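Residue strings, one per chain:
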Amino acid sequence: MHAHISSNLLLALAALAGVACAEDKEQPDKTISTTTSVITPCVATSTSGSFFDLRPDTAVAVAEGEKAPRGIPVEDYLAKGWDYGANFTLNICSAVVKKVDDVVGVEKAMWRNVSAYYESKGKVYSLGFESGKLVPRGRKLVLEYTGGSPCGSPEDKKKDKRSGSVHDGAAYKYYGDDEDDTYEVPTATKKEDEKEGTKDDKKDKDNEEKQKEKEKEKDKEKEKGVRRKSAIISFLCGPDPDTPTAASFVATDQDECVYFFEVRSQHACATAEPHTPGSVGPGSVFAIIFFIAVLVYVVGGIFYQRTVAHARGWRQLPNYSMWAGMWNFVRDIFIILTSSCARFLPSRRGYRSLSISPNGRHRNREDENRLIDQLDEEWDD
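Conventions and cut-offs
For every chain, the first residue of its written sequence is number 1, and the numbers climb from 1 along that sequence. Given that the model is predicted, a residue must reach a pLDDT of at least 70 before its local features are reported, and side-chain atom pairs must reach 80 or more before they are shown or counted; all residues, however, enter totals for whole chains, interfaces and linings. Only hydrogens and water are set aside when side-chain values are computed; all heavy atoms of the structure are taken into account. Strands here are runs of E lasting at least two residues and helices are runs of H or I lasting at least four, both read from the DSSP assignment and numbered beginning at the N terminus. When checking whether two residues touch, look at their non-hydrogen atoms; a contact exists if any pair is within 4.5 Å. In short, Shrake-Rupley with a 1.4 Å probe defines the accessible areas, and a residue's cover is counted only from the protein chains shown. UniProt positions are given in the numbering used here, feature names are shortened, and annotations may be inferred rather than shown by experiment. Only strands that DSSP links by at least two bridges are regarded as paired with each other. Between N-to-C directions, angles cover 0 to 180 degrees, with each direction set by a line fitted to C-alpha atoms, over the stretch in contact for helices. We call Phe, Tyr and Trp rings a pair once their centres come within 6.5 Å, taking the six-membered ring for Trp, and we label the pair stacked below 30 degrees between planes, edge-to-face above 60, and tilted otherwise. When a residue's accessible area, from a 1.4 Å probe over protein chains only, is under 20% of the maximum for its type it is buried; when over 50% it is exposed; and in between it is partly exposed. In this text, buried Ala, Val, Leu, Ile, Met, Phe, Trp, Tyr and Cys residues form a nonpolar core when linked through side-chain atoms within 4.5 Å. The definition of a polar contact used here is a pair of N or O atoms within 3.5 Å, where within protein one atom must be able to donate a hydrogen and the other to accept one, and adjacent residues in sequence count solely through side-chain atom pairs. In this description, a disulfide is simply a cysteine sulfur pair whose atoms lie within 2.5 Å. A side-chain nitrogen of Lys or Arg and a carboxyl oxygen of Asp or Glu constitute a salt bridge if their distance falls within 4 Å.

Draft legend 1. The arrangement of the overall build of the protein chain in detail. In terms of helices and strands, the protein chain carries six helices and eleven strands. Residue pairs at least 24 apart in sequence account for 54% of intrachain contacts in the protein chain once pairs closer than 6 positions are excluded. Of the roughly 30,500 Å² of accessible surface on the protein chain, 56% is carried by carbon and sulfur atoms.

This is the structure:
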């Protein structure tokens, strides 16, 4: 009985442990899903703190009858191909505004996502799909488009031709004994040779089947690993705001798979990262530090003056004499300014009215002396 009960307890504990382990395994997935970060396209911040925002350089399609947004381009950027033999059309961090059709090696559903292309002999070749992932490298920004039209290197084509010439007519053929041969082989040896020949035929067939399977696998791998055209755009700082954003073609590799461009723009210059809503800016940080410092100064000073210096009233404030003298200084300055301004106001009483006499300064002095003498006589009486 006790053994039965103990076995049930062990089973129950094992079940609880399994549930706990399952909860622990499920918990990291929840934390991962809640900590996913949102990346703003066409915006980048370097390790040194420089902020880049190329969204104003993105060309936007405008419907008929609508006004174009101010300061935002509405047409694609054109880059001259010079000696390449074709001109390039591209957009920044978005698909091209002009619709493209019959793109070589690209599915129809993906034509609307083409961000760079060129036309050659009536065919449209894509240089990659739209991407907003900017990568700062030093003072430059790099943007890459991938997944364009297929590109094949001439060396691979030569290798395919060489392999074809080698394998033409190279199928295995079993050559038996000639009929005109007069040499007769004993029957026992003939039977042994026939048995060995059948074994060799089976081995050869197996080898041929294996080779065919390997070739099929290689063909599938080639189809999966097709190299496609891509574009790498390097952005340079153009500090002049009057100069429009311009793109230029630099070069391409020998296989014509990677195309290099340069774009000069004022938005490619490093700036300070703007304040985002909900975050604390530098001004707020300074205000918080200043408020804390003032609070510590006042509270600490009052505590010291009250407990150590045994001060009471206003004298509990730290550096009371300095603040009181400063207040007196401000008050004196205010009185001086108001009194100097009062001189320009018209007055009708006192000695000032005597100075308006038209006979000049000498007459004004005589009137003042006469008035003083009269006042003296009145005081004597």
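Draft legend 2. Focus on the UniProt feature "transmembrane region" (unreviewed entry) in the protein chain. Per the UniProt entry, the sites bearing "transmembrane region" (unreviewed entry) are residues 285-304 in this numbering. Summarising residues 285-304: 100% helix, 0% strand, and an end-to-end C-alpha distance of 28 Å.

Draft legend 3. Looking closely at the sheet that holds strand β6 (residues 123-126). Strand order in the open sheet formed by four strands is β3-β4-β5-β6, with antiparallel pairing between adjacent strands. Lying at the two open borders of the sheet, with one neighbouring strand each, are β3 (77-79) and β6. The sheet shows a mean angle of 25 degrees between the axes of neighbouring strands, taken without regard to direction. Sheet topology places strand β5 (residues 116-120) next to β6; four bridges connect them, and they run antiparallel.

Draft legend 4. Main features of the packing of aromatic side chains. Summed over all chains, the structure comprises eleven aromatic pairs. For the ring pair phenylalanine 88 and phenylalanine 249, a centre distance of 4.7 Å and an interplane angle of 25 degrees mean the geometry is stacked. Within this pair, whereas phenylalanine 88 is found in strand β4 (residues 88-90), its partner phenylalanine 249 is found in strand β10 (residues 246-252), the two being separated by 161 residues in sequence. Each member of the pair, phenylalanine 88 together with phenylalanine 249, is buried.

Draft legend 5. Looking closely at the nonpolar core. Among the nonpolar cores identified, the biggest contains 28 residues, and Phe88, Ile92, Leu127, Leu143, Ile233, Phe235 and Phe261 are the most heavily contacted of them. Elements represented by at least two residues in this core include exactly β3, β4, β5, β8 (140-145), β9 (230-237), β10 and β11 (258-265). Apart from the residues lying within four places of it in its own chain, the contact partners of isoleucine 233 are Leu90, Leu141, Val142, Leu143, Tyr145, Phe261 and Val263.

Draft legend 6. Structural detail: the side chain of asparagine 91. Topologically, asparagine 91 is positioned in the loop between β4 and β5. In this structure the side chain of asparagine 91 is engaged in a polar contact, spanning 3.1 Å, whose partner is the backbone nitrogen of alanine 59.

Draft legend 7. View of the state of the cysteines. Considering all chains together, one arrives at three disulfides under this definition. The disulfide bridge from cysteine 42 ends at cysteine 93, spanning 2.2 Å between sulfur atoms. With the S-S bond torsion at 80 degrees, the cross-link from cysteine 42 to cysteine 93 turns out right-handed. Here the residue cysteine 42 occupies a position in the loop between α1 (2-34) and β1 (43-45), and cysteine 93 occupies one in the loop between β4 and β5, the gap between them amounting to 51 residues. With its sulfur 1.8 Å from that of its partner, cysteine 151 forms a disulfide with cysteine 257. In this structure the cystine formed by cysteine 151 and cysteine 257 twists about its S-S bond by roughly 110 degrees; its chirality is therefore right-handed. Taken together, the positions of cysteine 151 in the loop between β8 and α2 (154-167) and cysteine 257 in the loop between β10 and β11 put the pair 106 residues apart, joining distant regions of the chain. With a relative accessible area of 1%, cysteine 257 lands in the buried category.

Draft legend 8. How the structure looks around the sheet that holds β8. Read across the sheet, five strands follow the order β7-β8-β9-β11-β10 without closing on themselves; strand pairing throughout is mixed. Where the open sheet ends on each side, the last strands, each with one partner, are β7 (135-137) and β10. Ignoring strand direction, the axes of neighbouring strands in this sheet form an average angle of 25 degrees. As paired strands, β8 and β9 are joined by five bridges and run antiparallel to one another. Note on β9: the bridge partner recorded for glutamate 144 is isoleucine 232.

Draft legend 9. Summary view of the pattern of salt bridges. Under the definition given, this model contains two salt bridges. Here aspartate 53 makes a salt bridge to arginine 55, at a shortest N to O gap of 2.9 Å. Relative accessible area serves as the criterion here: at 43%, arginine 55 is assigned to the partly exposed category.

Draft legend 10. Focus on the pairing of β8. Relative to β8, β7 is paired through three bridges, and the arrangement is antiparallel. Note on β8: the bridge partner recorded for arginine 137 is lysine 140. Hairpin connection between β7 and β8: a loop of two residues separates the two successive antiparallel strands, and glycine 138 in this loop has a positive phi of roughly 70 degrees.

Draft legend 11. Representation of unusual backbone geometry in the model. Of note, aspartate 102 is a non-glycine position whose phi angle comes to about 55 degrees, a positive value. Looking at where aspartate 102 falls in the secondary structure, it is placed in the loop between β4 and β5. The class for aspartate 102 is exposed, based on a relative accessible area of 59%. In the Ramachandran plot, glutamate 256 falls in the positive-phi region, its phi being about 55 degrees despite a non-glycine side chain. Structurally, glutamate 256 is set in the loop between β10 and β11. Classification of glutamate 256 as partly exposed rests on a relative accessible area of 35%.

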